Each structure stands twice: as structure tokens, then as C-alpha cells.
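Residues per chain are reported as follows:
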Amino acid sequence: MLAYVLEENGPILKEIARPEPLADEALIRVRLAGICATDLELIRGYMNFRGVLGHEFVGEVAGPEAHPLLGRRVVGEINCGCGNCPWCARGMERHCLKRSVLGILGRSGAFAEFTCLPSRNLHVLPDSVQDEAAVFCEPLAACFEVIEQFPEIVEREVLVIGDGRLGLLQTQVLYFHGARVSLLGRHPEKMALLAPLKIPTWSEPAQAVCSEGERWPVVVEATGSADGFALAVSKTKPRGVLVLKSTVASEARLNLSSVVVDEITVLGSRCGLFEPAIRALEAGEVRTFSMIHGSFALRDAPEAFDKAHEKGIIKVLIHI
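What you see is a predicted model, and the numbers here were worked out from it, not measured in a lab.

Here is what the cut-offs are and how they apply
Residues numbered from 1 in each chain as written. Predicted model: local features only at pLDDT ≥ 70, side-chain atom pairs only at ≥ 80, totals over all residues. Heavy atoms only, no water. 1 Å grid on protein atoms, 1.4 Å probe; cavity = no way out; pocket = protein on both sides within 12 Å on 5 of 7 lines; lining within 4 Å. Points joined across faces, edges and corners; volume = space filled by probe spheres on them. Nonpolar A, V, L, I, M, F, W, Y, C, P; charged D, E, K, R; others polar. Pairing = 2+ DSSP bridges. Helix = DSSP H or I, 4+ residues; strand = E, 2+ residues; numbered from the N terminus. Expected span 1.5 Å × (residues − 1). Buried < 20%, exposed > 50% of the residue type's maximum accessible area, 1.4 Å probe, protein only. Contact = heavy atoms within 4.5 Å.

J.: Can you lay out empty space enclosed by the protein for me, pointing to particular residues and giving the numbers?
T.: Scanning all chains against the criterion turns up 1 cavity of 30 Å³ or more. What the largest cavity holds in volume is close to 30 Å³. The wall of the largest cavity is formed by His-55, Phe-57, Val-75, Gly-76, Ala-134, Val-135, Cys-137, Glu-138 and Phe-274. Looking at the lining of the largest cavity, its residues break down into 6 nonpolar, 2 polar and 1 charged.

Here it is as C-alpha cells:
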């Protein structure tokens with residue numbers, strides 16, 4: 001089968017063997033996959049991953065023949081735990097010490113004609129949710145994780161920093177759940193997506209002022225850059241909460257003194273459960289289609305990644 005594989009010298013399009021599902025797994029024929037900022041970081045060296053890239057996907061269960069979801073359209077949670085440890089027993093496989101992660105850690109990803117996931121990771125999609133919306137399910141689930149970890153956020157005044165795909169999704173999720181949310185970014189044309197919702201946006205840090213002053217009680221950092229942390233700290237008020245969503249390959253020098261002096265609570269937040277994300281997509285609560293800035297066939301994956309690297313691009317899709 002054709003796949004886009006990250007090797008020692010970089011990613012390459014090549015023919016590889018079709019994966020064989022294990023006893024508890026499903027074989028998935030990939031229909032559509034999305035290029036994520038994490039994919040770009042993996043190419044830069046994040047996680048030292050080698051293998052088929054891609055973890056945001058929509059597909060159809062193609063095997064085994066007796067699989068109860070055979071032929072059904074699905075998305076899949078990307079963390080694959082051992083199934084036996086205390087974390088897995090609590091339904092938190094994303095923290096299993098023996099986990100593999102689709103296209104990120106020890107497991108071939110979705111930029112290929114077929115991939116495999118444990119059957120328990122799969123979620124059947126409602127017919128009303130189109131592929132081009134469903135492919136956002138994984139990052140959208142990560143946005144709902146913030147509410148799962150910090151339920152009080154929906155009652156607070158919140159600044160989201162970063163106008164990429166994750167920042168735009170996070171802002172919408174918080175808005176539809178009642179938070180008084182604003183967005184700080186660098187690209188007015190991206191933030192214009194939120195104009196129909198009348199969400200306040202700023203393109204210069206000095207202009208981002210909440211009702212209590214220049215610093216905010218809750219800040220969500222979703223810049224995808226190594227220097228985003230310092231900016232986020234500077235916008236968080238004393239005894240405020242700073243939620244970190246970015247994962248980047250490059251290292252950054254951190255001055256943590258202001259975190260200590262201002263007694264800021266720092267909350268790391270990664271993957272989330274898919275059910276609330278699917279419900280939000282089915283209800284049409286989240287605008288995704290205007291984030292799509294390019295679609296390519298799998299054979300054109302190198303060009304798709306070139307497009308994803310361009311300034312101002314939010315989301316590029318690969319049709320399999």
C-alpha cells in the first residue's frame with residue numbers, strides 16, 4: 001500500500017506492506033486524514049518518531065470479516081494502552097506507560113491506505129457529520145479535555161493565545177459552553193472565522209485587555225511555538241490558571257520566577273475523549289470547513305506538507 005513515512009532523512013512517499021490487525025484490533029481503510037501541527041513537529045524531531053505519519057483521520061472498518069463494525073465509518077482515539085494497568089482501568093489510556101500513539105509513538109499512522117487501531121478506540125460517526133468535519137474530531141476532543149480537567153473554566157473570563165487550528169477550535173468550544181472567551185493571535189484573516197460569533201479578538205498583545213485589567217484569570221496557550229509560554233505567563237494574573245496545549249520539538253529558555261511570585265497554577269492538557277467532540281460536530285456548534293485551506297491526494301503528500309508549512313494556513317487534508 002502507499003504511505004507517507006517519516007524516515008531518518010525525512011518523510012518519503014513509498015509502498016509498504018499493508019498492516020495486519022491484532023486480535024483486539026480493526027483494520028481501517030483511511031478515507032481522509034488531516035495534517036496537524038504535531039506532524040510538522042515530528043518531522044523536526046519531536047518524539048524521535050519513525051514510521052507512517054498521521055493521526056487525524058476518518059475511515060471505514062475493513063476487517064476482520066467478522067468485525068461488528070465492518071463497513072462502518074469511524075474515527076479513532078489515538079492512544080492505545082496496554083489494557084491492564086490502573087490508568088487503562090480508569091479509561092485513561094492516554095497516560096498508560098506502555099501506550100503506543102497513532103502516528104506519533106510506536107504505531108503506524110493514518111497517512112496510508114490502511115491503518116490499525118484497537119476496536120475499543122473506534123467511534124462510529126453519525127451520517128450527518130461529513131468527513132471534512134469529522135477529521136477535526138481528534139483536535140476537537142483535545143479542546144474538550146480542558147473542560148474535563150478544569151470545569152470551572154466555563155464560568156470564567158478566558159484568553160486563548162494562538163490563532164491556529166487548535167486555538168480557533170478551543171475558543172469555539174469555550175464560547176459554546178459559556179466562558180467569556182477572547183482570542184489573541186497574529187493573523188486577523190484567521191480570527192475572522194469567529195466574527196459571526198462576535199468573539200473578541202486581538203492581533204497585538206498590548207491590546208488584549210480583560211475587564212479586570214491587562215492580565216487574565218485564565219489563559220489557554222495554544223500557540224504551537226516555543227516562545228508561547230512566556231507570552232502566556234505575562235498575560236496571566238496573579239493566582240490565575242495557565243493551561244498549556246502546545247507540544248513543540250524546539251527547546252525554550254523558561255524564566256519560572258513570575259510563575260512562583262504570582263502563584264500561577266499551570267495545567268498541562270493533551271488528548272481528550274471523542275464523545276463530546278462528535279456531539280458538537282453533529283450539533284453544528286463548531287465551524288470547521290472554513291479552516292480547510294487545501295486538499296491533496298495521498299500521492300501528493302509532499303506537496304500537501306509544503307502547503308501546511310506556509311504562513312497563514314490552518315488545515316490541509318489528504319484524501320486517501
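Having seen it, we continue.
J.: Requested: an account of the sheet that holds strand 1 (residues 2–7), with residues and values cited.
T.: Spatial ordering of the open sheet is given by 2-1-4, a layout of 3 strands whose pairing is antiparallel. A strand with exactly one partner marks an edge of an open sheet, and here the two such strands are strand 2 (10–15) and strand 4 (51–52). Pairing geometry for strand 1 and strand 2, over 6 bridges, is antiparallel. Within strand 2, the position partnered with Leu-6 by the bridge is Pro-11.

J.: I'd like a rundown of helix 4 (residues 137–149), residues and numbers included.
T.: Taking 1.5 Å per residue, 13 residues should reach 18 Å; helix 4 reaches 18 Å between its end C-alpha atoms and fits that length. Counting buried positions over the 13 residues of helix 4 gives 11, a clear majority of the element. Along helix 4, the residues classified as buried are Cys-137, Glu-138, Pro-139, Leu-140, Ala-141, Ala-142, Cys-143, Phe-144, Glu-145, Val-146 and Ile-147. Elements in contact with the buried residues of helix 4: strand 5 (56–63), strand 6 (73–76), helix 3 (131–134), helix 5 (165–176), strand 16 (236–244) and helix 9 (274–283).

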